[in-house]
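# Breakdown of the fold
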Amino acid sequence: MRTSFPRLLTALAIISILTAPLASVRAQGLPASSLRTTTPNDIERDSARVPYYLQLVERIFRMEVPTQATSTASQAVVASNATAQPAATTATTATPDGAQFVAANDTVVQQPPAGFLRDQSFEPSPLDELSKLELTAAEKNVTDEEVAQLEQAKSAINFGFNTNPLIQQWINYFQGRGRATVESGLRRSGRFMPMARKIFREEGVPEDLAWLGQIESAWKPNAYSYAAASGLWQFVPSTGLEYGLRQTAWVDERNSLEKATHASARYLKFLGGYYHGNWELALAAYNTGYGNVDRAISRAGTADFWRAYPYVVQQTRDYVPKILATIVIARNPEKYGFHNIRPDAPLSYDVVNVPSATSLQLVASATDTSVDYLRSINPELKRDVTPRGESYNLRVPAGHGRAFVALLKRVPADRRESARVVSVAAGEDLNTVAARTGTSVAQLQIWNAGVDVSRGGKLVVPAGSLKNVALVRARPNVSATASSLVTVKARAGETIAQIAARYGADAEEVARLNAVATDAPLVANQMIKVPSKTPAPATGAPARRGR
């Protein structure tokens, strides 16, 4: 269906009028916390409606301008009562719905919102599956000895909580049926835990609470739950806005790395203060909202999670012991049978402030990496271009930041969405470059005025005419068989540069073949193509594992 722009504006106006009452109902959420003494003001009520309107406008836009590709994720999300409740009257306000609130009634199923020019790629939140899990009789069987061991193991954790057999039940599950999930999480945590611990420490929150990321998202920045929660820390739209995480047509900062981690730490700090240092109650509120926890406390007659346990929803009953079991295992992996698990190398990148509307295609070609890799280290971007109308702090492969800044200065502002960068070999002339890129010598001279490439380097070219970015170097005295590709398995944390050195190949060529930056850490058993037949002599130094 094709619709003119005026008709689109008219449709938006009509839908806004028709849905205003519905938005008002959605904005009310659950009743406010029993500890709240004031009523919400207009600003608080309006802020809760923003995510609903953002999603409504985007859905209309997507009907008018269909995307060519659709997201491979098929997770349904609950978009009804996941809006904010009134915020508490405190310096750092928070919404009682928490980061994982799921409405019990009037649910509406839809696909997760996506970008206009490309769909963000989402993965299911592990909490969705864990919330449906039922423990077996064997897993529920807990001995006094196991509880005593648990009491001893929790001494390694830097915040206090009460020992309960329910925690051991989930440890039993993670040691058995859930072992693969824990092992994967312990490995992936290496990418994010150093950052998370640093930020939690800066925000004044117990660092071990950062293991929340393992249960919430399995350390996947693109995790998306059926409750419309997104990112490493699973913020719903309203709570994300409350804690300063922008959600626009260009970015969704709930999926960011540092910003979302700061927001999660601040939210946990608020909840910890709200419950006077009782972290079981704070974790329960992170999941279901402090309004629900307050009502459970009122019914139990005491501010103790294990006493209030029967009065919270089943998901939250399981959530708290799951989190605590995960933290106990993570802090005592050998004690609980998780041996020789080597965490992945921490994410490494440079941060570069780029101008408005800088194309990721341009950045990828200028930093010898792929758009997919740039997406992976900038998961908050909803498009393959940085936000229009503002400069943006973009992550680029480590070690490429300074060279990229110098190269970007050569690209005119009006060409940053259409330009690409190609590498030039020493001795190559502009005629050769023009032939392999589908442009002309005159265009190359205009786009690269004053640049001397006699010793090699990089040239900016118009993307519209680009045919072949890669330079194919001649290999004298090398047979076709010897230069054929071989596929090797990477070790965890190994880099393209290390593999190339081991096989006597050119690192830049291997990087282009696999669309991976030369120094990006690889996952264990990742298949890498190498243009070589015979590995380097065994006497050479072996590739160093990790960093």
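Please read these numbers as outputs of a predicted model, since none were measured by experiment. (Residues numbered from 1 in each chain as written. Predicted model: local features only at pLDDT ≥ 70, side-chain atom pairs only at ≥ 80, totals over all residues. Heavy atoms only, no water.)

### A few points about the overall build of the chain
For clarity, the threshold we go by: For helices the rule is a DSSP run of H or I covering at least 4 residues; for strands it is a run of E covering at least 2, with both sets numbered from the N terminus onward. The buried label applies to any residue whose accessible area, calculated with a 1.4 Å probe on protein chains only, is under 20% of its type's maximum; exposed applies above 50%, and partly exposed to all values in between. Residue-level accessible areas treat just the shown protein chains as cover; the underlying method is Shrake-Rupley with a 1.4 Å probe.
From N to C terminus, the chain includes 21 helices and ten strands. Buried positions account for 50% of the 547 residues belonging to the chain. Accessible surface computed for the chain: about 24700 Å², of which carbon and sulfur atoms make up 54%.

### Notes on the environment of glycine 272
For the record, the criterion: Contact definition: two residues touch when any of their heavy atoms are within 4.5 Å.
Topologically, glycine 272 is positioned in helix α10 (residues 258-274). As for glycine 272 and leucine 283, which are separated by eleven residues in sequence, their C-alpha atoms are 8.5 Å apart. Setting aside residues no more than four positions away along its own chain, glycine 272 makes contact with Gly277, Asn278, Trp279 and Ala282.

### What to know about the packing of aromatic side chains
Note the following rule: Any pair of Phe, Tyr and Trp rings, taking the six-membered ring for Trp, is counted once the centres come within 6.5 Å. Such a pair is stacked with planes under 30 degrees apart, edge-to-face with planes over 60 apart, and tilted for the rest.
With the rule as written, the count across this model stands at 17 aromatic pairs. With centroids separated by 5.6 Å and ring planes inclined at 75°, the aromatic side chains of tryptophan 170 and tyrosine 173 adopt a geometry described as edge-to-face. With a gap of three residues between them, tryptophan 170 and tyrosine 173 both fall in helix α6 (residues 165-175), about one helical turn apart. By the burial criterion, tryptophan 170 is buried, and tyrosine 173 matches it. Plain terms: the ring middles of tryptophan 170 and phenylalanine 174 are 6.3 Å apart, the flat faces sit at 45° to each other, and that makes the pair tilted. Of the two residues, tryptophan 170 and phenylalanine 174 are both situated in helix α6; the distance of four residues between them amounts to about one turn of the helix.

### Some points on unusual backbone geometry
The phi dihedral of asparagine 340 is positive, around 55°, even though this residue is not glycine. Tracing the chain through its elements places asparagine 340 in the loop between α14 (314-331) and β5 (349-354).

### Examining the pattern of salt bridges
Our working rule: Any carboxyl oxygen of Asp or Glu within 4 Å of a side-chain nitrogen of Lys or Arg constitutes a salt bridge here.
Counted by the stated rule, this structure contains 22 salt bridges. Linking arginine 331 and aspartate 208 is a salt bridge whose minimum nitrogen-to-oxygen distance equals 3.3 Å. Of this pair, arginine 331 sits in helix α14 while aspartate 208 is found in the loop between α7 (179-203) and α8 (212-217), placing the two residues 123 residues apart along the sequence. You can call arginine 331 partly exposed: its relative accessible area is 34%. On the basis of relative accessibility, which here comes to 1%, the residue aspartate 208 falls in the buried class.

### Some remarks on the nonpolar core
Worth spelling out the cut-off: Residues grouped as a nonpolar core are buried Ala, Val, Leu, Ile, Met, Phe, Trp, Tyr and Cys residues, joined through side-chain atoms within 4.5 Å.
In this structure, Trp233, Tyr286 and Ile528 are the most contacted members of the largest nonpolar core, which totals 113 residues. Considering every element that reaches this core, the biggest residue donor is α14, with nine residues. Contact partners of isoleucine 528, with chain neighbours within four places excluded, come to Val486, Thr487, Val488, Ala490, Ile496, Ile499, Val510, Asn514 and Leu522. In this structure, Val433, Ala434, Val453 and Leu459 belong to the second largest nonpolar core, which totals eight residues.

### Quick notes on the packing of helix α5 (residues 144-153) against α6
The relative placement of two packed helices is expressed as an angle between their axes plus a distance between the axes. Short version of the rule: To get an axis, fit a line to the C-alpha atoms, keeping to the stretch in contact for a helix; angles then go from 0 to 180 degrees between the N-to-C directions. When describing relative orientation, an angle under 35 degrees is termed roughly parallel and one over 145 degrees roughly antiparallel, while 65 to 115 degrees is termed roughly perpendicular and anything else oblique. Residues are grouped as follows: Ala, Val, Leu, Ile, Met, Phe, Trp, Tyr, Cys and Pro are nonpolar; Asp, Glu, Lys and Arg are charged; all remaining types, including Gly, are polar.
At their nearest, the axes of α5 and α6 sit 10 Å apart, and the two run at 95° to each other. Considering the angle they form, α5 stands roughly perpendicular to α6. Within the contact between the two elements, α5 uses Glu146, Val147 and Leu150 and α6 uses Pro165, Ile167, Gln168, Ile171 and Asn172. The residue makeup of the contact of α5 with α6, split by class, is five nonpolar, two polar and one charged.

### Quick look at the environment of asparagine 431
Along the polypeptide, asparagine 431 turns up in helix α18 (residues 430-437). Separated by ten residues in the primary sequence, asparagine 431 and valine 441 have C-alpha atoms spaced 6.1 Å apart.

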